[in-house]
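Residue strings, one per chain:
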Amino acid sequence: MNKITIAIDGFSSTGKSTVAKSLAKHLGYVYVDSGAMYRAVTLYAMQNGLIDELSFKKDKLAAKLPQIEISFKFNDALGFAEVYLNGVNVEHEIRTLEVSGFVSTIAAVYEVRKRLVAQQQQMGKDKGVVMDGRDIGTVVFTDAELKLFMTATAEKRAVRRYEELVERGDDVTYEDVLKNVQDRDYIDSTRKDSPLVKADDAIEIDNSSLTLVEQFEKILDLANKKIKTYSS
Ligand code: DC
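Residues numbered from 1 in each chain as written. Predicted model: local features only at pLDDT ≥ 70, side-chain atom pairs only at ≥ 80, totals over all residues. Heavy atoms only, no water.

Q: Can you lay out the packing of helix 4 (residues 97–107) against helix 8 (residues 174–190) for me, pointing to particular residues and giving the numbers?
A: How two helices sit against one another is set out by the angle between their axes and by the gap between those axes. With their axes 9 Å apart at the nearest point, helix 4 and helix 8 run at an angle of 20° to one another. With respect to helix 8, the axis of helix 4 lies roughly parallel. Read as a crossing pair, helix 4 and helix 8 show a hand that is left-handed. In this structure, helix 4 contributes L97, S100, G101, V103 and S104 to the contact, and helix 8 contributes D176, V177, N180, R184, I187 and D188. (Axes fitted to C-alpha atoms, helices over the stretch in contact; angles between N-to-C directions. Helix = DSSP H or I, 4+ residues; strand = E, 2+ residues; numbered from the N terminus. Parallel < 35°, antiparallel > 145°, perpendicular 65-115°, else oblique. Left-handed = near helix turned anticlockwise from the far one by under 90°. Contact = heavy atoms within 4.5 Å.)

Below is the structure:
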């Protein structure tokens, strides 16, 4: 069977990474969480005083990019690759609401996108990859054989994200999470460089009322059909 490229885009907290991880595991493909890369750059900016509530030193961040090394290492126990920032595992730290509050600003920077997109394209050059994000089908892998665009209502997504954060032990309110989801939707969809839009050839999946199992089966079926087409 030939390997294909699977691009999964969509709004924040639509469960892209959950389905992408299961799909990659099932197909024996590599899973890449592109959002984790933008989050890692955001964490670097926060740790180095380049962004806070009052200021953003965009040019300084752009100049520092060559010193920001982002990598993934597969964790056997977890069954997926965790993200490392300059050799330090930051998988947990990048998921806070604080990082979520700054990440869309960082992800709108042209130089940041250029560098991360090049790295993502390198990771997927041999196919057999499932990558999720905002611009995977429209910019990173425009020739991906399967493109999905995931949506759900902002309220549904905020409930899911809120429950995840509470389970981690984070002290957050539902209202703050909903506001973050809505703010990120707005910034991600209206930014000048690579805004979040559905690729013309992407299949839209609204999972507001799908269970995880139903969603996985639907997407696995689409993937298997594509793999068959490209292998015959
Ligand atoms: O998927 P996520 O919520 O972890 O992504 C975090 C942010 O990174 C998201 O608000 C927008 C940005 N992002 C992006 O601009 N392009 C991508 N390919 C992935 C994420």
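Once you've had a look at it, read on.
Q: Residue-level account of the sheet that holds strand 5 (residues 88–89), with values.
A: The sheet built from 3 strands is open, its strands ordered 3-4-5 with antiparallel pairing. The sheet is open, and its two borders are formed by strand 3 (70–75) and strand 5, each paired with just one other strand. As paired elements, strand 4 (residues 80–85) and strand 5 share 2 bridges and run antiparallel to each other. For L85, the partnering residue across the bridge sits in strand 5 and is V88. (Pairing = 2+ DSSP bridges.)

Q: Residue-level account of the sheet that holds strand 8 (residues 203–206), with values.
A: With parallel pairing, 5 strands are arranged side by side in an open sheet as 2-6-1-7-8. Both outer strands of the open sheet, strand 2 (30–33) and strand 8, are each paired with one neighbouring strand and no more. Strand after strand, the sheet turns through a mean of 20° between neighbouring axes, direction not considered. Note that strand 1 (residues 5–10) and strand 7 (residues 146–151) share 5 bridges and pair parallel. By the bridge assignment for strand 7, G10 is matched with M150. In the packing of helix 2 (residues 34–47) onto the sheet, contacts are made with strand 2 and strand 6 (129–133), and the angle to strand 2 comes to roughly 40°.

Q: Give me the site of the ligand: which residues, what numbers.
A: Residues in contact with the ligand amount to 15 residues; listed here are only the nearest, R39, R113, D135, R184 and R191. In the environment of the ligand, an oxygen atom lies 3.0 Å from a nitrogen or oxygen atom belonging to the side chain of R134. At a separation of 2.8 Å, an oxygen atom of the ligand approaches a polar side-chain atom of R191. For the ligand, whose unbound accessible area comes to 440 Å², protein coverage reaches 95%. Of all elements in the fold, only helix 2, helix 4 and helix 8 reach the threshold of two or more residues within the shell around the ligand. Residue contributions to the shell around the ligand peak at 4 residues, all from helix 2. Residues belonging to the shell around the ligand are distributed by class as follows: 4 nonpolar, 4 polar and 7 charged. (Near = heavy atom within 4 Å. Polar contact = N/O pair within 3.5 Å; in protein donor to acceptor, adjacent residues only side chain to side chain. Areas by Shrake-Rupley, 256 points an atom, 1.4 Å probe, with all protein chains shown as cover. Nonpolar A, V, L, I, M, F, W, Y, C, P; charged D, E, K, R; others polar.)

Q: Tell me about helix 8, and name the residues and values.
A: Between its first and last C-alpha, helix 8 extends 24 Å over 17 residues, near the 24 Å set by a 1.5 Å rise per residue. Residues of helix 8 that are buried include every one of V177, L178, N180, V181, R184, D185 and D188, and no others. Projected down its long axis, helix 8 carries its buried residues within an arc of 160°, all on one side. In helix 8, the exposed residues that point more than 90 degrees away from the buried face are E175 and Y186. (Expected span 1.5 Å × (residues − 1). Buried < 20%, exposed > 50% of the residue type's maximum accessible area, 1.4 Å probe, protein only. Arc of directions from axis to C-beta.)

Q: Outline the nonpolar core, supporting the account with residue identities and numerical values.
A: Grouped together as the largest cluster of nonpolar side chains are 36 residues, with contacts concentrated most on V41, L61, I68, I70 and V112. Sorting the residues of this core by element identifies helix 2, strand 4, helix 4, helix 5 (110–123), strand 6 and helix 6 (136–140) as the ones contributing at least two each. When residues in this core are grouped by element, the largest group, 9 residues, is from helix 2. If we ignore the near neighbours within four places in the chain, the residues touching I70 are M37, A40, V41, V83, Y84, L116 and Q119. (Core = buried A, V, L, I, M, F, W, Y, C linked by side-chain atoms within 4.5 Å.)

Worth remembering: the numbers are spatial, not functional.
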